[in-house]
Amino acid sequence: MGAGAITCGQFAAEFRKNPEFVETASFSWAHGFMSGMNVARMLEHKPYRDLNAQTVDYKKAFIRDYCNDHPLSTYWMATMYLYDSLPSLKSK
């Protein structure tokens, strides 16, 4: 549900209509999703990702680029590729 469930093509179409609003709303979902992934991994004592390793602008551009290249994919998949690209940190 939510922003993650739309296709990259839908995200791109909506982004063209209202870039600031669409990207802010979608990226808020993406950042919450990645934070949730980190919490789940930490609770399992597994490595998690350094969400601060890249700037917000870089992360937004990563998702836009992925979506432009994969319009039939989903926004959550773009977010997973971003998450997986970030450096890993050891759980304590």
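Residues numbered from 1 in each chain as written. Predicted model: local features only at pLDDT ≥ 70, side-chain atom pairs only at ≥ 80, totals over all residues. Heavy atoms only, no water.

## Structural notes on the state of the cysteines
On inspection of all chains with the given rule, the structure shows one disulfide. Between the sulfur atoms of Cys 8 and its disulfide mate Cys 67 the distance is 2.4 Å. Residues Cys 8 and Cys 67 share a disulfide whose torsion about the S-S bond is about -45°; that sign makes it left-handed. On the criterion of sequence distance, the pair formed by Cys 8 in helix α1 (residues 8-17) and Cys 67 in helix α3 (residues 56-69) is long-range, its members being 59 residues apart. Cys 8 gets classed as buried once you look at its relative accessible area, which sits at 0%. With relative accessibility at 2%, the residue Cys 67 sits in the buried group. (Disulfide = S-S within 2.5 Å. Helix = DSSP H or I, 4+ residues; strand = E, 2+ residues; numbered from the N terminus. Buried < 20%, exposed > 50% of the residue type's maximum accessible area, 1.4 Å probe, protein only.)

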